[in-house]
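This is what each chain is made of:
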Amino acid sequence: MAETGKILFPVTAVTELQDAQTQWDTLVIVLNSVENLPGSFGAIKSALETMQKVDNAFSSKVSLVPFEGKRLIVSPTGPLSRDQDDVRRCSDAAQAGVKRALSAGAKCLCLVAAPELKVFEEYQLVTLLAALGALYMPLEVREWNIKNGKSCVKVSSFLFWCDNEKDGEKIVSHACNIENGRIVARDIGGGDPEWMAAPRAAEYILATFSSTVKVKVYSGHAELEKRFPLLAAVNRCAQHVPRHDARVVKLHYKGEGEIKRILYFVGKGITYDTGGADIKTGGLMAGMYTDKCGAATVAGLFKILETVKPEDIEVVGWLALVRNSVGSDCYVSDEVIASRAGVRVRVVNTDAEGRMVMADLLCRAKESALKPKNYKYCPHIFTIATLTGHVIRTYGPNYTAVLDNGPARKISFAQSLQTAGDIMGDPLEISNIRREDYEIVAPLSEYEDVLQSNTSASSPSPRGHQFPAAFHLIASGLDKHGIDSSTPVAYTHLDIAGSGGGHPNFPTGAPIPALVHQLIG
């Protein structure tokens, strides 16, 4: 297997472009106006000003300017000060500039985020992260290149200009830590149904982490059925094909010093979603290999924890790596299955498998959170999943939906995470879990305690991305630990079906930047 979980080319901060000129063949400048470039850019600024005079489109499109046998790539951000403008102006321009540089044949890049962009708090970090993201090479491609004696990197070196050496080094270090986590998330989330089937995903994770993050893998249908019965129901068909058989992966990080916070993350890792007996038709199955991006995001977050080693915090992750296969032994609608929490779940739609595989892991996290030794640290539980098409219909393809239960809403967690996302160019929209969501999954007979879904696809269903969170709360028993409980537990659900990315593009790693900014710093 190719190297995992790290950038494979050097990333270095520089303060003097002229001195570093021998180290780059292409300079990518993200800016709003050439006139606002510092005077220290000297001949580079003069060359750009000359080009601007003869090209009316210079300020509105990516331009390549020859310069002393090298390339200057100018990538304008467009307007920065209107109501609708945000730091993604910087990230969009950085990605466009790097892609143009690669198409021109660049191998040694230097990136400049013009100081005028400081109207946004983290403009340098966001710009650098976008550039590094544009240089990602998928795991399959890396392994194919190794097999065929080709390079595993798109560039051989990368420089980042900053006018302050200490600040530059700090920004580069922070960006590389985040990008290493996003590489893990992209490798897992973007792997095809065989390349990153559950057993291989578990192998990747075991190879990725050192002793700083403890990894435990659960396998075998009998054990999974005993521990996680709803997950095992989804796995019932895939278990008969050993290379598709489910894995549950537990990740555990514990920082040094006295623990002050405990966080739990549950990630949906559907390695391929056929829809099961309610099979996806009309071409809707294509691209379902990215239905594991929730689990991939959790793994990526732990890669950052492994590197940064934050103190005073303990984090536990649960990854549900399961294939939703179709066949003679697949689970079907109308089955009533008792969850780990002892809640009788009536299956209504086998294509709503994501909430099934997460509910028991959510219950497991709840059990740990309620232990007196852990509860005193105000535990907070998260689910992360590419869960519904409805969230894309509601907010569009670039936004994570964040939903809090009562205890989390009491501390305004969704609002604080949204603010972090705005700072990091990783936007979230706030949705709410309402009484109607509980009504949608309320039992219709005395056979069941909760309905797994309704009979419609999520996209056209009213409240299609909100009511699954109510199901999570009921099926896991977390509904007994709301604001009216003597032992309230904060819970936040993140639906990344829109923001997580997917075929033909790479997974994005969202909302890793927002979570890191809010929870790790």
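That block above? That's the structure.
Read on for a plain summary of the structure. Bear in mind that the values here come from a model prediction, so they are computed numbers and not experimental data.

## A few points about the nonpolar core
- Core analysis: the largest hydrophobic core is formed by 86 residues, its most contacted members being Leu 109, Leu 128, Phe 158, Ile 205, Phe 265, Phe 302 and Leu 319.
- Leave out the neighbours within four places in its chain, and Phe 302 touches Phe 209, Val 213, Leu 251, His 252, Tyr 253, Val 315, Val 316 and Gly 317.
- Tyr 218, Leu 224, Ile 262 and Tyr 331 belong to the second largest nonpolar core, which has 53 residues in total.

## What to know about the sheet that holds strand E1 (residues 11-14)
- Across the sheet, six strands lie side by side as E1-E6-E5-E2-E4-E3; this open sheet has mixed pairing. Two strands close off the open sheet at either side, each with one partner strand: E1 and strand E3 (63-67). For this sheet, the mean inter-axis angle between neighbouring strands, taken without regard to orientation, is 25°.
- Across the sheet, helix H2 (residues 88-104) touches strand E2 (26-31), E3, strand E4 (70-76) and strand E5 (108-113), and the angle it forms with E4 is around 150°.

## Some points on unusual backbone geometry
- Cis geometry is adopted by the peptide bond preceding Pro 504, which originates at His 503 and carries an omega value of 5°.
- Within the secondary structure layout, Pro 504 lies in the loop between strand E17 (490-495) and helix H17 (512-520).
- Here the residue pair Ala 510 and Pro 511 is connected by a cis peptide bond, since its omega of 0° sits within 30 degrees of zero.
- By the element assignment, Pro 511 lies in the loop between E17 and H17.
- Even without being glycine, Cys 378 reaches a positive phi, approximately 55°.
- Mapping Cys 378 onto the fold places it in the loop between helix H11 (372-375) and strand E13 (380-385).

Rules behind the numbers
Numbering of residues starts from 1 in each chain and follows the order in which that chain's sequence is written. Note on the predicted model: pLDDT of at least 70 is required for a residue's local features to be given, and 80 or more for side-chain atom pairs to be given and counted; whole-chain, interface and lining totals, by contrast, use all residues. Each side-chain value is worked out from all heavy atoms of the structure, with water and hydrogens disregarded. Buried residues of nine kinds, namely Ala, Val, Leu, Ile, Met, Phe, Trp, Tyr and Cys, make up a nonpolar core once their side-chain atoms join them within 4.5 Å. Between buried and exposed lies partly exposed: a residue is buried under 20% and exposed over 50% of the maximum accessible area for its type, with that area taken using a 1.4 Å probe on protein chains only. Residues are treated as being in contact if the distance between any of their heavy atoms lies within 4.5 Å. A strand pair is defined by DSSP finding two or more bridges across the two strands. Only DSSP runs of H or I covering at least 4 residues are called helices, and only runs of E covering at least 2 are called strands; the numbering of each starts at the N terminus. Every angle, taken between N-to-C directions, lies between 0 and 180 degrees, and every axis is a line fitted to C-alpha atoms, over only the stretch in contact when it is a helix.

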